[in-house]
Amino acid sequence: MLNRYPLWKYLLILLVIIVGVLYALPNLYPKDPAIQISGANASATVSGDEMNRVARALEDAGINVASRSIDNGTGLFRLASDNQQTRARDIAGELLGQQYTVALNLADSTPQWLRAIGAKPMNLGLDLRGGVHFLLEVDMDAAIEQRLELNASAMRDTLRSEGIRYRDSEASDQTLSFSFASEADRDRARSLLASQYQNYSFSNTDEGRPGLTLSLNPQAVSEIQDYAINQNLTTLRNRVNELGVSEPLVQRQGPNRIVVELPGVQDTAEAKRIVGATANLEFRLEATDSTPEDQRQTFSFRNDDSRRAALERDVIITGDRVSNASTSFDESGRPQVNINLDGQGGSQMNRASRANIGRNMAVLYIEHRTRDRTVMKNGEQVTERVPYTERGIISLATIQSALGNQFRITGLDSPAEARELSLLLRSGSLAAPIYFAQERTIGPSLGQQNIERGVISVIVGLLLVVAFMIARYKAFGVIANLSLAVNLVLLIAAMSVLGATLTLPGIAGIVLTLGMAVDANVLIFERIREELRARPIQQAIHAGYERAFTSIVDANITTLLVAVILFSIGTGPVRGFAVTLSLGIITSVFTAVMVSRAITNLSVGGKSIKKLWI
Amino acid sequence: MTQIDFMGKRRIAYAVSIILAVVALGALTFKGLNLGLDFTGGTQVEVRYQNAPQLDQVRERLEEGDFGNFSVQTFGANTDILVRLQQSFDEGVGTQVVDALRSAGNSVELVRAEYVGAQVGDQLRDQSGLGMLIALGVVALYVAFRFQYKFALGALISLGHDVVILLGFFALLGLDFDLTVLAAVLAVIGYSLNDTIIVYDRIRENIRRSQSNDLVKIFNEAINQTLSRTLSTSGTTLLVLLALFFLGGDMIHNFSLALIVGVVLGTFSSIYVAAAMLLLVHLEREDLIPAQKENAVDDEAP
């Protein structure tokens, strides 16, 4: 019969709606402001004892705790009001000290039965909850240069141990060059190195002394770059975890950029220092009189510019070999960093120190930084970023006995410096220096305000559309509004399930989608009105839906194409808008065509009515 | 049904379109778009005072703080101040600005601080321009595939018309053109296209159904048939956009403005530019007839 759906179709639509409602539901449960306490390293877990202490301290300070729980060694205090959150964190952080990390958190309050089916609320973007967004650029040239230096150091070692005499070596622009006393030495060196270093292509140079040039293969270059960015991602994740931020985001973007988002963080200066710190350590022996001139490098001390020392160019180990680091104070109360090395680092350190008892070993602190310089270029002021590296000795001490994989570093200025150094050593060093290409800080008040305004404009917009549709299409307006409501529910459900992040432009996208979503129904109803002039009611309804269908599909596919392009070129908030728009198009076609048809069929389909309220 | 002779007045519409487009192109060439931070790079800091400050005093404070070139303006409410700095970016510039402003004993709160590297900005600008062109190209291909290349030409010109005039509007008024406005422009492309397709769909249907060769009459009929739909949809969309414009806050003010102007333009252009273009490119019945056989079923009511 005309305008009747088979039962299964109704049930299917009903099922989709029920699933949509279930998955949209978590968004109705507001997130609780909370502080989260976790151990700073694997050995420290949060126990009931710490929880009691914190609870008492919070009570003393007059902060209302709504509830508390421990899960997997992580404690959570839900607070009654969000303006006490920062104070609660400070109190707990002071009380528990360095062993624990205390972070601001927004705790999910979705009931258990909803969580069991995997339903979760939408994530709020930074513009809605406040926080810091960094776009970091990885310096690829420096990554390659570092690798060259490292290889050059190992090659010199090999050549020396084989008794091949070389004059000098130089690393620049993806190539290494050596020069030798004789061609025989050069050829021996070439065959020796060629068997060990397949990443390089070798060529002889014969200007002046017999020389050997090694250049990195393009494949090796891209491997180094990939390694650099992946290593940096790992390191940044470790550091961000040490910062104690809930739900941070560390993500690769494009070939050489990394996005870091820290919700809830307001102190950008500290976050930047920790995230962007490129500090590393190198352990080197002090040069002796017999060290050849080209193997020496002179550095000044970090805390005393006038003091200088000449060190050997070869590095025993770098900070990458550190497996754990913590701070404490030495006998005379000065800060020190206790270092544990991994297996390989330990044996390298052991070998080097055993053979050099009585000599001095220096700890060199290395930091890559940039400064901005304004220059005139083509009559325009252009700011150039000039990278530079700061190296300074933090300690120079005599090797008393063979060192194992545990030792300590003294000579640090302050406990704060010791803490930061140990944090950096723990979280690993960056494989390549990074620069801040972009930074956004959104204050918490703006976030709150954005949410409120977004919600108000969604409600007002929705009410206006509902009123308009009823005024214009009467009974069918009600049908359109019902399917619009279903559309909103499905859209929110889809965004929650996909884990899409809700941003301000995203909310604007929802509002816009609502305005445009009625379009399909408008098309259908106008068509039904037209058809009513020529056909009986049931046939007119049927023809209206059928005829409007191609128009609806064409119109929506083209808009979808634009939304997809928007997604692929956009970043951050714009992507949020594109996601909302695309999902909105899909749900609106479903609701306008299927849901509104189902309601129409159920209410007027197949019945003999005299007049349509349209 | 209303019967308005749209096509008869098309020459007036041409004149209006051409004047608007010329003014827009003029504004774009001579004044240029006031590109936002996203595209130019630079630093901007928004702060909120407890009590409305004197802008001169804010400037003095910043000069004392040695911030180089900067501009100060209010942002929405007169307690909200937007400071733009030229590239003098340093650790936690937001906090620095707030500290400098706070030194006079005022209660100042950091609302947001943003820094975009010039290189990132340049790249984004190129990418965005390219994105817009790709969007237009892909859409034209789809229309050519679903309809016929003359329709694609009409749709493309109509979209270009909307985009140019919309950009010109922003250039003329010197409004900030940032990423969200770009998103709005792309959404306008989608919206205007949506409108155009609906009209084209009806034109195609009517050409196939009627025996007449009087295209002007067929077009008029198609436009009139879709008129109430066009106005309903534009109406509801405008309603929600007005809600966004007045209630959505300053951060999406320009975004909603771009969409409002875009929706009005898109509605106008789908009637006049898109349809009228088909007359200019000499669309003929034969262009659509070969396809008639496979689609003939459509026309028979089941």
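Reading the values: the criteria
- Here, residues in each chain are numbered from 1, in the same order as that chain's written sequence.
- A letter from A marks each chain and a number from 1 marks each ligand, given out in the order of writing.
- In keeping with the predicted nature of the model, local features appear solely for residues at pLDDT of at least 70, side-chain atom pairs appear and are counted solely at 80 or more, and the whole-chain, interface and lining totals rest on all residues.
- Water and hydrogen atoms play no part in the side-chain values, which are based on all heavy atoms of the structure.
- UniProt positions are given in the numbering used here, feature names are shortened, and annotations may be inferred rather than shown by experiment.
- Under the scheme used here, helices are H or I runs from DSSP no shorter than 4 residues and strands are E runs no shorter than 2 residues, and both carry numbers assigned from the N terminus.
- Put simply, the radius of gyration uses C-alpha atoms, and a globule should come to 2.2 Å times the residue count raised to 0.38.
- Contacts: residue pairs with any heavy atoms within 4.5 Å of one another.
- Here the Shrake-Rupley method, with its probe set to 1.4 Å, supplies the accessible areas, and only the displayed protein chains count as covering residues.
- Whenever a helix is involved, its axis is fitted only over the stretch in contact; in every case the axis is a line through C-alpha atoms, and angles between N-to-C directions fall within 0 to 180 degrees.
- Any angle that is under 35 degrees is reported as roughly parallel, and any over 145 degrees as roughly antiparallel; angles of 65 to 115 degrees are reported as roughly perpendicular and all others as oblique.
- Crossing handedness follows the turn of the near helix against the far one: under a right angle anticlockwise gives a left-handed crossing, and clockwise gives a right-handed one.
- Asp, Glu, Lys and Arg are counted as charged, while Ala, Val, Leu, Ile, Met, Phe, Trp, Tyr, Cys and Pro are counted as nonpolar; the rest, among them Gly, fall into the polar class.
- A helix is expected to span 1.5 Å multiplied by its residue count minus one.
- Throughout, bend refers to the angle between the axes fitted to the seven residues that end at a position and the seven residues that start at it.
- The patches reported here contain residues having more than 30% relative accessible area and no salt bridge. Joining distances are 9 Å for like charges and 5 Å for nonpolar side chains (Val, Leu, Ile, Met, Phe, Trp, Tyr).
- A carboxyl oxygen of Asp or Glu within 4 Å of a side-chain nitrogen of Lys or Arg is what we treat as a salt bridge.
- Within this scheme the basic residues Lys and Arg register as positive and the acidic residues Asp and Glu register as negative, but His and the chain ends are omitted.
- To locate a charge, the coordinates of NZ of Lys, CZ of Arg, CG of Asp or CD of Glu are taken.
- Two strands make a pair as long as DSSP finds a minimum of two bridges between them.
- By definition, the buried area sums, over both parts, the 1.4 Å-probe accessible area that each loses when the two are put together.
- N or O atoms closer than or at 3.5 Å make up a polar contact, with two conditions inside protein: a donor-capable atom paired with an acceptor-capable one, and, for residues adjacent in sequence, both atoms drawn from side chains.
- pLDDT gives the predictor's per-residue confidence on a scale running from 0 to 100.
- Note that domain bounds follow an automatic or database assignment of domains.

The name that an unreviewed UniProt entry assigns to chain B is Protein-export membrane protein SecF, with the source organism given as Kushneria aurantia. Here is the UniProt Subunit (unreviewed entry) comment for chain B, exactly as written: "Forms a complex with SecD. Part of the essential Sec protein translocation apparatus which comprises SecA, SecYEG and auxiliary proteins SecDF-YajC and YidC." UniProt, in the comment section headed Function (unreviewed entry), describes chain B in these words: "Part of the Sec protein translocase complex. Interacts with the SecYEG preprotein conducting channel. SecDF uses the proton motive force (PMF) to complete protein translocation after the ATP-dependent function of SecA."

As annotated in an unreviewed UniProt entry, chain A carries the name Protein translocase subunit SecD and is attributed to Kushneria aurantia. Note on chain A: under the UniProt heading Subcellular location (unreviewed entry), the record states "Cell membrane".

Student: Hey, could you run me through the overall build of chain A in this one?
Tutor: Helix and strand counts for chain A stand at 15 helices and 23 strands. Taken over C-alpha atoms, the radius of gyration comes to 33 Å for chain A, far larger than the 25 Å a tight globule of 614 residues would show. Within chain A, counting contacts between residues at least 6 apart in sequence, those at least 24 apart form 72% of the total. Accessible surface for chain A amounts to roughly 28,000 Å². Of this, 51% is attributable to carbon and sulfur atoms.

Student: Mind showing me how you'd approach the packing of helix H1 (residues 7–24) of chain A against helix H12 (residues 444–497) of chain A here?
Tutor: Pairs of packed helices are described in terms of their axes, by the angle between the two and the distance that separates them. All names here are of chain A. At a minimum axis separation of 8 Å, H1 and H12 run at an interaxial angle of 55 degrees. By the criterion of interaxial angle, the relationship of H1 to H12 is oblique. As H1 runs across H12, the sense of the crossing is left-handed. In contact with Val-16, Ile-17, Gly-20, Val-21, Tyr-23 and Ala-24 of H1, H12 contributes Val-486, Val-489, Leu-490, Ile-492, Ala-493, Ser-496 and Val-497. Broken down by class, the residue content of the contact of H1 with H12 amounts to 11 nonpolar, two polar and no charged.

Student: Help me understand helix H8 (residues 215–247) of chain B, please; the structure alone is not making it clear to me.
Tutor: Residues and elements named next belong to chain B. Taking 1.5 Å as the rise per residue, H8 with 33 residues should run 48 Å; its terminal C-alpha atoms sit 45 Å apart, in good agreement. At Thr-226, H8 shows its largest bend, some 45 degrees. In the stretch just after H8, Gly-249 is the one whose phi turns positive, near 95 degrees.

Student: Which parts of the structure should I look at to understand a negative patch on the surface?
Tutor: Taken together, the side chains of Asp-141, Glu-145, Glu-149 and Asp-173 of chain A define an acidic patch exposed on the protein surface. Checked against the element boundaries, Glu-145 of chain A lands in helix H6 (residues 140–161).

Student: I keep staring at the sheet that holds strand S2 (residues 65–71) of chain A and nothing clicks. Help me out?
Tutor: Within a beta sheet, neighbouring strands are joined by backbone hydrogen bonds and run either parallel or antiparallel to one another. Residues and elements named next belong to chain A. Here four strands make up an open sheet; going across it, the order is S2-S3-S1-S4 and the pairing antiparallel. The open sheet has two edge strands with one neighbour each: S2 and strand S4 (100–107). Neighbour-to-neighbour, the strand axes of the sheet open up by a mean angle of 20 degrees, direction not taken into account. Relative to strand S3 (residues 74–79), strand S1 (residues 32–39) runs antiparallel, the two sharing four bridges.

Student: Please clarify how the interface of chain A and chain B should be interpreted in this entry.
Tutor: By a widely used convention, the size of an interface equals the accessible area lost when the partners come together. Tallying the contact residues gives 66 residues for chain A and 73 residues for chain B. Of the roughly 6,100 Å² buried between chain A and chain B, counting both surfaces, carbon and sulfur atoms make up 62%. The largest share of the area that chain A buries against chain B comes from Asp-554, Val-562 and Ile-569 of chain A, three residues that together contribute 10% of it. Across the contact surface, chain A and chain B share six salt bridges. The partner of Arg-204 of chain B in a salt bridge is Asp-554 of chain A, with the nearest N and O atoms 3.8 Å apart. Counting across the interface, chain A meets chain B through 14 residue pairs in polar contact (both at pLDDT 80 or more). It is H12 of chain A that provides the largest number of residues to the side of chain A that touches chain B, a total of 15 residues. A per-class count over the side of chain A that touches chain B returns 31 nonpolar, 18 polar and 17 charged. Bridge analysis of strand S22 (residues 434–442) of chain A against strand S5 (residues 108–116) of chain B gives five bridges, and the strand direction is antiparallel. The partner of Gln-438 of chain A across the bridge, within S5 of chain B, is Val-116 of chain B.

Student: What is the right way to look at the packing of helix H13 (residues 504–532) of chain A against helix H14 (residues 537–569) of chain A in this model?
Tutor: Residues and elements named next belong to chain A. The geometry of H13 relative to H14 is characterised by a closest axis approach of 7 Å and an angle of 145 degrees between their N-to-C directions. The handedness of the crossing between H13 and H14 is right-handed. On the side of H13, the interface is formed by Met-516, Ala-520, Leu-523, Ile-524, Phe-525, Arg-527, Ile-528, Glu-531 and Leu-532, while H14 contributes Ile-537, Ala-540, Ile-541, Ala-543, Gly-544, Tyr-545, Arg-547, Ala-548, Ser-551, Ile-552 and Thr-559. Its residues assigned to classes, the contact of H13 with H14 comprises 14 nonpolar, three polar and three charged.

Student: Could you clarify how one ought to interpret the side chain of Glu-312 of chain A in this entry?
Tutor: Looking at where Glu-312 of chain A falls in the secondary structure, it is placed in strand S15 (residues 308–312). In this structure, Glu-312 of chain A is in contact with Arg-284, Leu-285, Glu-286, Ala-287, Thr-291, Gln-295 and Arg-359 of chain A, ignoring residues within four places of it in sequence.

Student: I would appreciate a short explanation of the confidence of the model for chain B in the present structure.
Tutor: Residues and elements named next belong to chain B. Of all residues in chain B, 92% attain a pLDDT of 70 or more, and the chain-wide mean is 82. Contacts from residues 291–302, a stretch scored under 50 in pLDDT, to residues over four places away or in other chains number eight contacts. Note on the complex model: pTM 0.77, ipTM 0.80.

Student: Whenever I open this one, the domain arrangement of chain B confuses me. Can you help?
Tutor: All names here are of chain B. Annotation of chain B at the domain level lists domain 1 (7–34 + 120–286) and domain 2 (42–116). Contact with domain 1, which involves four residues of that partner, is made by five residues of domain 2. Surface buried jointly by domain 1 and domain 2 totals about 360 Å² across both partners, of which 61% is contributed by carbon and sulfur atoms. Together, Asp-176, Asp-250 and Met-251 form the three largest contributors to the area buried by domain 1 at its contact with domain 2, with a combined 82%. Run the count over domain 1 and domain 2 and you get one salt bridge.

Student: I tried to follow a nonpolar patch on the surface on my own but got confused; where do I start?
Tutor: A contiguous nonpolar surface patch, about 400 Å² in accessible area, is contributed by Leu-7, Leu-11, Leu-14 and Ile-18 of chain A. Along the chain, the position of Leu-14 of chain A falls in helix H1.

Student: What exactly am I supposed to notice about the sheet that holds strand S17 (residues 322–329) of chain A here?
Tutor: All names here are of chain A. Read from one edge to the other, the open sheet built from three strands follows the order S17-S18-S21, with strand pairing classed as antiparallel. Edge positions in the sheet fall to S17 and strand S21 (406–409), since each has one partner strand and no second. Neighbour-to-neighbour, the strand axes of the sheet open up by a mean angle of 25 degrees, direction not taken into account. As judged from the seven bridges shared by S17 and strand S18 (residues 335–341), these two strands associate in the antiparallel manner. Residue pairing for S18: Val-322 is matched across the bridge by Leu-341.

Student: For this particular structure, what's the right way to read the side chain of Arg-239 of chain A?
Tutor: Mapped onto the fold, Arg-239 of chain A is located in helix H8 (residues 218–243). The residues contacting Arg-239 of chain A, other than those within four sequence positions of it, are Ile-274, Val-275, Gly-276, Ala-277, Leu-424, Ser-427, Gly-428, Ser-429 and Leu-430 of chain A.

Student: Please explain the UniProt feature "transmembrane region" (unreviewed entry) in chain B as it appears in this structure.
Tutor: All names here are of chain B. Sites flagged by UniProt as "transmembrane region" (unreviewed entry) map to residues 12–30, 128–145, 152–173, 179–200, 231–249 and 255–283. Helix makes up 100% of residues 12–30 and strand 0%. Its end C-alpha atoms lie 27 Å apart. As a span, residues 255–283 carries 90% helix and 0% strand, and end to end its C-alpha atoms are 37 Å apart.

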